[in-house]
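Chain residues, written in single-letter form:
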Amino acid sequence: MQVPSDPFVRGVQLRHLRCLVAVAQERHLARAAERLSLSQPAMSKTLAELEALAGTRLVERGEAGRRGIQRFTVAGEQLLAHALRVLEEIDAGALALHPGAGERVERLRVGALPSVAPTLLVDALLALRERMPALQVEVRTGVNAVLFDALRAGELDLVCGRMSDPQRMVGLSFELLCAEPLAVVVQPGHPLAHAASLSVQDVMTHPLVVYGEGTIPRHHTESLLSGLGLRLPATHTQTLDLAVARALVLRSDAVWFTPAGAVRDELLSGALVRLRVATAGTEEPVGLLLRSGVELSAAQRTLAALLREGASAHAAALVSRG
């Protein structure tokens, strides 16, 4: 058999791949070292060896004196995807060799934007429970960038999120499910709740609740205001916690700018009221994200199919409340 001549093929070892995956999962060298029961210098050395074998930088470190990882390079993202597949295949091989070495519970780890989790995702999860009652499901919510990192690092199996810039999409696939418009909502007893005609200027006389900086709902809120020559007042309340935002609106005269899907059930039940304010152009594309080139488990395939089935009904419900 011919011996491979490529230095990377000849030199790479499982410890290098485990190092890369741990760094991706922790985004911090010291914590990654602790995960693998290594010292931080040993972790740094292993990562440096891998980069030397690859002939390129794989991660961008933080500032001097800090051990955080700013980001993975494109080459790092590409190698990470292969490293995960190699380690997953080894785990599968170990299970095949020793099938009785302990009971394994099938689990599914799902990530979702806070605005998507309460409705579109929950609908699919309820249907999934009927089809696969023995499945263990873990749901994690967060901003898009954090969910992407977790999916790419193999800590999540599937994400309901939005498309990002090409550099952040390396190693991931995106399938559009629906587009959610921004809604302006209040509690039923609000002075504006039943006004036949409203302008954004009318809304601005009340306390505002908005999403956090760097999120698409926040960007759409600010763009909507900017298009009317307005600015978000400095006295607004910003939060990604839907329970907090919902409580603020229900117990005061605050006005909440939120993706309509996040409050679909409340709008349908009448617990919240959508103001008659035009929000055209604020639609947020929501889709299904998976790691590219990975064979899906039965649970992943089933949940993906249920999300597709539920997306049209979800979109129709949003339109009916528009």
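Residues numbered from 1 in each chain as written. Predicted model: local features only at pLDDT ≥ 70, side-chain atom pairs only at ≥ 80, totals over all residues. Heavy atoms only, no water.

## Examining the confidence of the model for the chain
Here is step 1: Taken residue by residue, the chain gives an average pLDDT of 87. The fraction at 70 or more is 91%.
Here is step 2: By mean pLDDT, the top-scoring element of the chain is strand β8 (residues 208-210) (97), and the lowest-scoring one is strand β2 (residues 69-72) (75). (pLDDT = per-residue confidence, 0-100. Helix = DSSP H or I, 4+ residues; strand = E, 2+ residues; numbered from the N terminus.)

## Brief notes about the sheet that holds strand β6 (residues 172-180)
Here is step 1: Ordered in space as β4-β3-β5-β12-β6, the five strands form an open sheet in which the pairing is mixed. Of all strands in the sheet, those bounded by a partner on one side alone are β4 (136-141) and β6. Across the sheet, the mean angle separating the axes of adjacent strands is 20° when strand polarity is ignored.
Here is step 2: Sheet analysis places strand β3 (residues 107-112) next to β4, joined by six bridges and oriented parallel. Residue pairing across strands places Val-110 opposite Val-139, the latter belonging to β4.
Here is step 3: Taken strand by strand, helix α7 (residues 144-152) contacts β3, β4, β5 (158-161), β6 and β12 (284-291), and its axis lies near 20° from that of β12. (Pairing = 2+ DSSP bridges. Axes fitted to C-alpha atoms, helices over the stretch in contact; angles between N-to-C directions. Contact = heavy atoms within 4.5 Å.)

## What to know about the side chain of Arg-274
Here is step 1: Mapped onto the fold, Arg-274 is located in strand β11 (residues 273-274).
Here is step 2: In terms of polar contacts, Arg-274 uses its side chain to reach the backbone carbonyl oxygen of Leu-182, at 3.4 Å. (Polar contact = N/O pair within 3.5 Å; in protein donor to acceptor, adjacent residues only side chain to side chain.)

## Some thoughts on helix α4 (residues 40-54)
Because an α-helix packs 3.6 residues into every turn, residues spaced three or four apart end up facing the same way.
Here is step 1: Here α4 contains 15 residues, and its C-alpha end-to-end distance of 21 Å stays within 8% of the 21 Å for a straight helix at 1.5 Å per residue.
Here is step 2: Burial in α4 covers these residues: Gln-40, Met-43, Thr-46, Leu-47, Leu-50 and Glu-51. Seen along its axis, α4 keeps its buried residues to an arc of 135°; they face one direction. For α4, exposure combined with an orientation more than 90 degrees from the buried face picks out Pro-41, Lys-45 and Ala-52.
Here is step 3: On its buried side, α4 packs onto α1 (7-11), α2 (14-26), α3 (29-35), β1 (59-61) and α5 (74-97).
Here is step 4: Between the side-chain oxygen of the N-cap and the backbone nitrogen of Ala-42 there are 3.2 Å, and the N-cap of α4 in question is Ser-39.
Here is step 5: With its phi angle positive at about 75°, Gly-55 sits one or two positions after the end of α4. (Expected span 1.5 Å × (residues − 1). Buried < 20%, exposed > 50% of the residue type's maximum accessible area, 1.4 Å probe, protein only. Arc of directions from axis to C-beta.)

## Looking at the sheet that holds β8
Here is step 1: Taken together, five strands build an open sheet; the order of strands is β9-β8-β10-β7-β11 and the sheet is mixed. Each edge of the open sheet carries a strand with a single partner, namely β9 (237-238) and β11.
Here is step 2: Relative to strand β10 (residues 255-259), strand β7 (residues 182-186) runs antiparallel, the two being bridged by four bridges. By the bridge assignment, Ala-183 is partnered in β10 with Thr-258.
Here is step 3: Lying on the sheet, helix α10 (residues 242-250) is in contact with β7, β8, β9 and β10; it crosses β10 at an angle near 145°.

## A look at the environment of Pro-188
Here is step 1: As for its placement among the helices and strands, Pro-188 is situated in the loop between β7 and α8 (200-203).
Here is step 2: Counting along the chain gives 55 residues from Pro-188 to Ala-243, while the straight-line C-alpha distance between them is 17 Å.
Here is step 3: Dropping the residues within four chain positions of it, Pro-188 is found in contact with Ala-193, His-194, Gly-270, Ala-271 and Val-273.

## Concerning a nonpolar patch on the surface
Here is step 1: Residues Leu-14, Val-86 and Ile-90 make up a contiguous nonpolar surface patch of about 200 Å² in total accessible area.
Here is step 2: Ile-90 gets classed as partly exposed once you look at its relative accessible area, which sits at 34%. (Patch = residues over 30% accessible without salt bridge, like charges linked within 9 Å, V, L, I, M, F, W, Y side chains within 5 Å. Areas by Shrake-Rupley, 256 points an atom, 1.4 Å probe, with all protein chains shown as cover. Salt bridge = Lys/Arg side-chain N within 4 Å of Asp/Glu carboxyl O.)

## Some thoughts on unusual backbone geometry
Across the chain, the bulk of peptide bonds are trans and the bulk of non-glycine residues have phi less than zero.
Here is step 1: Although it is not a glycine, Arg-27 adopts a positive phi angle of roughly 55°.
Here is step 2: Within the secondary structure, Arg-27 is located in the loop between α2 and α3.
Here is step 3: Owing to a relative accessible area of 17%, Arg-27 belongs among the buried residues under this scheme.
Here is step 4: A positive phi is found at Ser-37, a non-glycine position, where the angle reads about 60°.
Here is step 5: Tracing the backbone shows Ser-37 in the loop between α3 and α4.

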